[in-house]
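In case you want the letters, here they are:
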Amino acid sequence: MIGPGYNIEVPWSVRFTWSGDYLHDAYWSVGDQGFTNVSHGCVNMSPADAEIFYGLADPGDPVTIQGSPKAGVWDNGWTMWFLSWKQWVHGSALHEAVLAGPHGSTPIRPRASA
């Protein structure tokens, strides 16, 4: 299914929001891709590119959409990348970073960036 209100099968579809945004094969719009907006919210790709992406994608891979008038929304799909490190730590039970290992977990101080 592609987008709200749609019920079509599209080859090589990779969903990146729960509300129905996908990266997928759009064989019908190859000549317009990159030049004209021919999508209803998805990212259209050629069949060859869509097949390659489908084979490489893992759940949670970051997807950056540029030029869209509508921003992404936290908690609509794999959106953990929307949060800053400070927000991640604030959302933890301990409010600090934890190093998890086979013998338990240890609170740590993140290294300062260079």
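Just give me the short version of unusual backbone geometry, but keep the residues and values in it.
Within the chain, Trp-12 stands out as a residue other than glycine whose phi angle is a positive 55°. Of note, Trp-12 is situated in the segment before strand 1 (14–15). Even without a glycine there, the phi angle at Asp-75 is positive, about 75°. Along the chain, Asp-75 falls in the loop between helix 1 (47–56) and helix 2 (85–90).

Residues and numbers for the environment of Ala-97, please.
In this fold, Ala-97 is placed in strand 4 (residues 97–101). The exposure class of Ala-97 is buried, given its relative accessible area of 10%. Each C-alpha atom of the pair Ala-97 and Arg-109 lies 6.6 Å from the other, and the pair is twelve residues apart in sequence.

Explain the sheet that holds strand 3 (residues 43–45) to me, and be specific about the residues and the numbers.
Strand order in the open sheet made by the three strands is 1-2-3, with mixed pairing throughout. What marks the edges here is a single partner per strand, and that holds for strand 1 and strand 3. Two strands pair when backbone bridges link them, and strand 1 and strand 2 (residues 22–25) are joined in this way by two bridges, in the antiparallel orientation. Paired with Arg-15 across the strands is Tyr-22, a residue of strand 2.

How would you sum up the confidence of the model for the protein? Please name residues and give values.
Per-residue confidence for the protein averages 83 on the pLDDT scale, and 90% of its residues sit at or above 70. When mean pLDDT is taken per element in the protein, helix 1 scores highest with 96 and helix 2 scores lowest with 81.

A description of the pairing of strand 2 should follow, citing residues and the corresponding values.
Regular strands have side chains that alternate between both faces of the sheet. Between strand 1 and strand 2, which pair antiparallel and follow one another directly, the connecting turn spans six residues, one of which, Gly-20, has a positive phi of 110°. When strand 2 meets strand 3, the two strands line up parallel, connected through three bridges. Residue pairing in the sheet places Leu-23 in a bridge with Val-43 of strand 3.

Definitions and limits used
- Residues numbered from 1 in each chain as written.
- Predicted model: local features only at pLDDT ≥ 70, side-chain atom pairs only at ≥ 80, totals over all residues.
- Heavy atoms only, no water.
- Helix = DSSP H or I, 4+ residues; strand = E, 2+ residues; numbered from the N terminus.
- Buried < 20%, exposed > 50% of the residue type's maximum accessible area, 1.4 Å probe, protein only.
- Pairing = 2+ DSSP bridges.
- pLDDT = per-residue confidence, 0-100.

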